[in-house]
Amino acid sequence: MPRKWDVNSPDFTALYRAFVFARIERDPGLNDCWLWRGTISGDYGTCFDPLINRHRGAHRVVWELEVGPIAPGLVLDHVCTNKLCVNPHHLDAVPPSENSRRGRPGVSRYWREEKDRKRLAWALDQLKRMREGHEPQAIPKNLRLARDD
Ligand SMILES: [Zn+2]
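Residues numbered from 1 in each chain as written. Predicted model: local features only at pLDDT ≥ 70, side-chain atom pairs only at ≥ 80, totals over all residues.

**What to know about the overall build of the protein chain**
Moving on, step 1. Helices and strands together make up the secondary structure of the protein chain, namely four helices and seven strands.
Moving on, step 2. Residue burial in the protein chain is summarised as follows: out of 149 residues, 21% are buried.
Moving on, step 3. The long-range fraction of contacts in the protein chain, counting pairs at least 24 apart against all pairs at least 6 apart in sequence, stands at 45%. (Helix = DSSP H or I, 4+ residues; strand = E, 2+ residues; numbered from the N terminus. Buried ≥ 20, exposed ≤ 12 C-beta atoms within 10 Å, placed from the backbone. Contact = placed C-beta atoms within 7 Å.)

And the structure:
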């Protein structure tokens, strides 16, 4: 029996937030990625949205709960490359063209190695810089991905 949501209830946002966060596993061992443990469709987590009565991207749902509305036409780029991650600090709202331009090898896997940790730290620092209005920098040679990384 699916849960019944009263979207007009004053408690709706709090109840929905609890529903969403019950499906997130925060694991600092994975660089603070917030792993989606709810429904998965393709490579991405999906979350039921009572406002539209269907599932949609879990990372978008969490972003809207934590950060705010996503401007029309923007997609959320997984800076950490972990497609099941819904941590807003690991996501960047960009136009789809920018998302494909940034396309990185080795997506859809967890960051375990020391080099991966350094690369993620660098990418998150870049994200912070870009949000402050700076131009992105070239990835340092020692953090570049080799074909077989
Ligand atoms: Zn992440």
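Okay, back to it.
**Looking at unusual backbone geometry**
Comment: phi is negative for the bulk of residues other than glycine, and the bulk of peptide bonds are trans.
Moving on, step 1. Even without a glycine there, the phi angle at asparagine 53 is positive, about 60°.
Moving on, step 2. With respect to the secondary-structure elements, asparagine 53 resides in the loop between β4 (44-49) and β5 (54-57).
Moving on, step 3. Taking the C-beta count within 10 Å as the criterion, asparagine 53 has 9 such neighbours and is therefore assigned exposed.
Moving on, step 4. Look at threonine 81: it is not a glycine, yet its phi comes out positive at around 65°.
Moving on, step 5. Relative to the elements of secondary structure, threonine 81 occurs in the loop between β6 (75-78) and β7 (91-94).
Moving on, step 6. Residue classification places threonine 81 among the buried positions, given that 23 C-beta atoms sit within 10 Å.

**Remarks on helix α2 (residues 58-66)**
Moving on, step 1. Among all positions of α2, only Ala58, His59, Arg60, Val61 and Val62 are buried.
Moving on, step 2. Buried residues along α2 sit against α1 (12-21), β2 (33-36), β4, β5, β6 and β7.
Moving on, step 3. Taken from the residues just after α2, glycine 68 is the one with a positive phi, measuring 140°.

**Quick notes on the nonpolar core**
Moving on, step 1. The biggest cluster of nonpolar side chains holds 20 residues, and the ones touching the most others in it are Ala58, Cys85 and Val86.
Moving on, step 2. When residues of this core are traced back to their parent elements, those giving at least two are α1, β2, β4, α2 and α4 (114-131).
Moving on, step 3. The contacts of cysteine 85, once residues within four sequence positions are left out, are Cys33, Trp34, Leu35, His78, Cys80 and His90. (Core = buried A, V, L, I, M, F, W, Y, C linked by C-beta atoms within 7 Å.)

**Some points on the confidence of the model for the protein chain**
Moving on, step 1. Mean pLDDT for the protein chain: 82, with 83% of residues reaching 70 or above.
Moving on, step 2. A low-confidence stretch, residues 105-112 (pLDDT under 50), is modelled with 17 contacts involving residues beyond four sequence positions or located in other chains. (pLDDT = per-residue confidence, 0-100.)

**Overview of the environment of lysine 118**
Moving on, step 1. Its place among the elements puts lysine 118 in helix α4.
Moving on, step 2. For lysine 118, a count of 14 C-beta atoms within 10 Å gives the class partly exposed.
Moving on, step 3. Taking the C-alpha atoms as reference points, lysine 118 and leucine 143, separated by 25 residues in sequence, lie 7.3 Å from one another.

**Here we look at the sheet that holds β4**
Moving on, step 1. Taken in spatial order, the three strands line up as β3-β4-β5 in an open sheet, and their pairing is antiparallel. Only two strands of the sheet have a single neighbouring strand rather than two, namely β3 (40-41) and β5.
Moving on, step 2. Here β3 pairs with β4 via two bridges, running antiparallel. For isoleucine 40, the partnering residue across the bridge sits in β4 and is glycine 45. (Pairing = 2+ DSSP bridges.)

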